[in-house]
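Fold and contact review
What follows is each chain in one-letter form.
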Protein chains: 2
Amino acid sequence: MAKNEFVCDCNVIHQNVVDNTSKSMLDADTFNKLAEFFKILGDITRVKILFALDQNEMCVCDIANVLKMSKSSISHQLGTLRRSGIVKCRKSGKEVFYMLDDNHIKEVFEIGLEHIEHKK
Amino acid sequence: MAKNEFVCDCNVIHQNVVDNTSKSMLDADTFNKLAEFFKILGDITRVKILFALDQNEMCVCDIANVLKMSKSSISHQLGTLRRSGIVKCRKSGKEVFYMLDDNHIKEVFEIGLEHIEHKK
DNA sequence: TTGACAATTGAATACATATTCATATATAAT
DNA sequence: ATTATATATGAATATGTATTCAATTGTCAA
């Protein structure tokens, strides 16, 4: 069903709540970017990489060692993180050092950890 | 390759960086839960639902109207959110009202929005 | 008790994506 | 130049998941 043809299949709705909430919703693009941001954080390998990079800048091989995973897999994930603007890198000879490029990562991790703690 | 059989295929690694970072890494369970938390937030439908519920508690039908999506789809997502402890609900007759059950959602959204703003 | 309806749930489908494998690129050393 | 190596990348596979559709549950009203 196309979005703009949507007709509610309920008889009882709280129209004023629906209207007020609808007005305060953000635009589709913002919701998309928000979901994309969290989707990037929603993978255990990327979470580990970001947590590690929060400690030190590291080359691909270092990260592969810390995570005990293949360099190829790490490199793919670093590409994803780089394209989404969460990490950046600098080259030094054959090595490429990665580091965080977003100062919100630490904060967002802390809140995530609070959530986990709270749910225990 | 099993994790505990992992042998690095690099010649040059920064052993002390790897060692120090490895020591400061969290346990696997915590990383898993952290990734799970963000994974839940990493879907545009769930982001919209949570943003809406941050304004008002709402029944399934209300949410379906605000998002212009089917009740079934919304109900499935609410189930996911409920099972992960992010929303809770109360029944009132035939209706079920959902509300946030995690006071970190608002904070984490704000940081996400800052990230988006910063990357423009 | 029967009908209507809000919500849930299971199965199926369609789509996204993480890792692996093979290969390519770039840089340093010989 | 040639070799070794750190990283990147494309394709394939396997796995996960969002939505739809159909059916079911639970509650209210007649």
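Further up the page is the structure itself.
Below is a short write-up of the structure. Model, not experiment: these values are computed from the prediction.

**Points about the sheet that holds strand β1 (residues 58–59) of chain A**
Backbone hydrogen bonds are what pair the strands of a sheet, in a parallel or an antiparallel way. All names here are of chain A. Strand order across the open sheet formed by three strands is β1-β3-β2, with antiparallel pairing between neighbours. Edge positions in the sheet fall to β1 and β2 (87–92), since each has one partner strand and no second. Pairing analysis gives two bridges linking β1 to strand β3 (residues 95–100), with the strands arranged antiparallel. Looking across to β3, one finds that M58 is bridged to Y98.

**Thoughts on the interface of chain B and chain A**
Between chain B and chain A, the contact holds 67 residues from the first and 67 residues from the second. Between chain B and chain A, roughly 5,900 Å² of surface is buried when both sides are summed, and carbon and sulfur atoms account for 71% of that area. Notably, a salt bridge pairs K119(B) with D101(A), separated by 3.3 Å at the nearest N-O pair. Where chain B meets chain A, there are 16 residue pairs in polar contact (both at pLDDT 80 or more). Looking at the side of chain B that touches chain A, the elements with two or more residues in it are α1 (15–24), α2 (28–41), α3 (44–53), β1 (58–59), α4 (60–67), β3 (95–100) and α6 (105–118) of chain B. Looking at which element gives the most residues to the side of chain B that touches chain A, the answer is α2(B), with eleven residues.

**Details of helix α6 (residues 105–118) of chain A**
What sets the pattern is the α-helix's 3.6 residues per turn: residues three or four places apart point alike. Residue and element names in this part refer to chain A. The first and last C-alpha atoms of α6 sit 20 Å apart over 14 residues, in line with the 20 Å expected at 1.5 Å per residue. Within α6, the full set of buried residues consists of I105, V108, F109, I111, G112, H115 and I116. One side of α6 carries all its buried residues, which in axial view fall inside an arc of 160 degrees.

**Structural notes on the packing of α6(A) against α6(B)**
As a packed pair, α6(A) and α6(B) sit with axes 10 Å apart at the nearest point and diverge in direction by 165 degrees. Judged by the inter-axis angle, α6(A) sits roughly antiparallel to α6(B). Taken as a pair, α6(A) and α6(B) cross one another with a handedness that is left-handed. Contacts between α6(A) and α6(B) involve E107(A), V108(A) and I111(A) from the former and E107(B), V108(B) and I111(B) from the latter. For the contact of α6(A) with α6(B), the class distribution of residues is four nonpolar, no polar and two charged.

Conventions and cut-offs
- Residues numbered from 1 in each chain as written.
- Chains lettered and ligands numbered in written order.
- Predicted model: local features only at pLDDT ≥ 70, side-chain atom pairs only at ≥ 80, totals over all residues.
- Heavy atoms only, no water.
- Pairing = 2+ DSSP bridges.
- Helix = DSSP H or I, 4+ residues; strand = E, 2+ residues; numbered from the N terminus.
- Contact = heavy atoms within 4.5 Å.
- Buried area = accessible area lost by both parts, 1.4 Å probe.
- Salt bridge = Lys/Arg side-chain N within 4 Å of Asp/Glu carboxyl O.
- Polar contact = N/O pair within 3.5 Å; in protein donor to acceptor, adjacent residues only side chain to side chain.
- Expected span 1.5 Å × (residues − 1).
- Buried < 20%, exposed > 50% of the residue type's maximum accessible area, 1.4 Å probe, protein only.
- Arc of directions from axis to C-beta.
- Axes fitted to C-alpha atoms, helices over the stretch in contact; angles between N-to-C directions.
- Parallel < 35°, antiparallel > 145°, perpendicular 65-115°, else oblique.
- Left-handed = near helix turned anticlockwise from the far one by under 90°.
- Nonpolar A, V, L, I, M, F, W, Y, C, P; charged D, E, K, R; others polar.

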